[in-house]
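Chain by chain, the residues run as shown.
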Amino acid sequence: MISQSSDKITMKRKIIYLLTILYTIPIMAQKGILWDNVGNIPVAHASIYTNNQGNILATSTDANGQFEIKFQFTTLKISHISYEKLSISAITDTIFLTPKSQTLGEISVTNAEPKWIKEKLRSFEKHRKQLYQTVDLKMKYDYDKYNIGDSSGYAFHSRGLMYIPSLLHLDKDSMYKVCPSHNIIRYKDSTADPDFYDMQLMLYENVVSEINNKFVKRHIFRQNESYHNSDKNIVQLVFWSDKYKDDKGTITMDTTQCMILDASRSTGLACNLDEKMNPVVLSVTRVALGLKYDDWTINNTIHFDKIDGIYYPTLITYKYYEKYSNYDKLATGKHKKRMEYFSSKEATLSLNSTLRTSNAHYYDIPHELHSAFIYIESKRHSLNKIAISRMPREYMPL
């Protein structure tokens, strides 16, 4: 009996030893490229990850769709807000993704900017509050978001009723609100809370809300001559920044009413550092932490539909990607070691009209001034954050 017990212990030790060797052998990096099988272009900033007993191991594609896997996996999940999700068990040189919707077709523009474009956009900005969300409304909402980083993952799905305020009253006392009937969090454990942060960016800081006189002055506009619509008054505008090469987008407009039907905007590293980051904070973190951004891209789209003759947003998407590095806090010596990280956030908000109403509690989705150097949170917002952290929710594995 003693001999058999000893043999079992010896065998266990051998298994542990073999497993230790396997996990300490350097992993041979595997490289590939993600490719759009319809648009025939590389897929940039897609998340590629695996779930290892609740822990996320991940990487992402660069601006050219290229990636490198340096970790073990059984199944890889590939995700991008504009493409159908894909699971694979092996890496090939080229992996094809299928877009969720028709990609932007051929663009044909003239050299000169037509004078009428900026006139129409200024008219839109001037009369926006009389054209959009002129009446408070309750709509059904469906919100999906997920965050993927080098070693972490979080997903959140919420649906219920949303209070849509009139643009005329949209200020600190009138804001978007949600009354969830369903909250699901996917995380490695049950410590994560519901996260509506991206929702507030989508509602308050989408591309259409940013169109003002300053925006019109800083961008160049052309009509896409290749765009066709059965209504000849509906045109597609292409715009780009005169200052930043990484700031561009499209606007679909009904020119008779100066109504924007949908719009998209993509901003890159130079534009985002200048517009989104406080220069004092950036300077301090560069010196103290060695913070260095290699990539920072934000893409957002918004679509409007008529409800009882009034335009309301019905579909908004948001994608945030950043790749950065800073000094390793544990490193010693004259040459500080740099640690590289990436973070990818994607969110979709769908809104639909409804006759349902609810007397249940509505939670504020306030517009917090995140770009401010000093932000003083009101007592109302502070209490609202506590209430959101106590929202009923269901946890599921990521």
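Above this text you will find the structure in question.
As a starting point, this report considers the structure included with it. As the structure is a computational prediction, the values presented were derived from the model and not from experiment. (Residues numbered from 1 in each chain as written. Predicted model: local features only at pLDDT ≥ 70, side-chain atom pairs only at ≥ 80, totals over all residues. Heavy atoms only, no water.)

Structural notes on the overall build of the protein chain
Counting its secondary structure elements, the protein chain contains 7 helices and 19 strands. For the protein chain, the proportion of its 398 residues judged to be buried stands at 42%. For the protein chain, the proportion of contacts with a sequence separation of at least 24, taken over those separated by at least 6, is 64%. (Helix = DSSP H or I, 4+ residues; strand = E, 2+ residues; numbered from the N terminus. Buried < 20%, exposed > 50% of the residue type's maximum accessible area, 1.4 Å probe, protein only. Contact = heavy atoms within 4.5 Å.)

Notes on the pattern of salt bridges
According to the stated counting rule, one finds 15 salt bridges in the structure shown. Here glutamate 113 ties to arginine 222 by a salt bridge, and the two come within 4.0 Å at their closest N and O atoms. Here glutamate 113, found in the loop between strand S7 (94-97) and helix H2 (115-131), pairs with arginine 222, found in strand S11 (residues 219-223); they are 109 residues apart in sequence, far enough to count as distant. Residue classification places arginine 222 among the buried positions, given a relative accessible area of 10%. For lysine 276, the salt bridge is made with glutamate 210, and the minimal N-O distance between the two is 3.9 Å. (Salt bridge = Lys/Arg side-chain N within 4 Å of Asp/Glu carboxyl O.)

Examining the sheet that holds strand S4 (residues 66-69)
Spatial ordering of the open sheet is given by S4-S1-S7, a layout of 3 strands whose pairing is mixed. Either end of the sheet is taken by a strand with one partner, and the two such strands are S4 and S7. For this sheet, the mean angle separating the axes of adjacent strands, direction not counted, is 35°. (Pairing = 2+ DSSP bridges. Axes fitted to C-alpha atoms, helices over the stretch in contact; angles between N-to-C directions.)

A word on the pairing of strand S8 (residues 137-149)
Relative to strand S9 (residues 153-164), S8 is paired through 12 bridges, and the arrangement is antiparallel. What sits directly across from tyrosine 143, in S9, is serine 158. Between S8 and S9, which pair antiparallel one after the other, the connecting turn spans 3 residues. Bridge count for S8 against strand S17 (residues 338-353) is 11 bridges, and the pairing is antiparallel. Residue pairing across strands places aspartate 142 opposite serine 350, the latter belonging to S17.

Some thoughts on the packing of aromatic side chains
The tally for this structure, following the rule as stated, stands at 16 aromatic pairs. Taken together, the aromatic side chains of Tyr293, Trp296, Tyr320, Tyr324 and Tyr341 make up a single cluster linked through ring pairs. Of note, lysine 177 hangs over the ring of tyrosine 163, and the distance from its end group to the ring centre comes to 5.8 Å. Seen from the ring of tyrosine 320, lysine 345 lies directly overhead, with NZ or CZ sitting 5.0 Å from the centre. (Phe/Tyr/Trp six-rings, centres within 6.5 Å; stacked < 30°, edge-to-face > 60°. Lys NZ or Arg CZ within 6 Å of the ring centre and 35° of its normal.)

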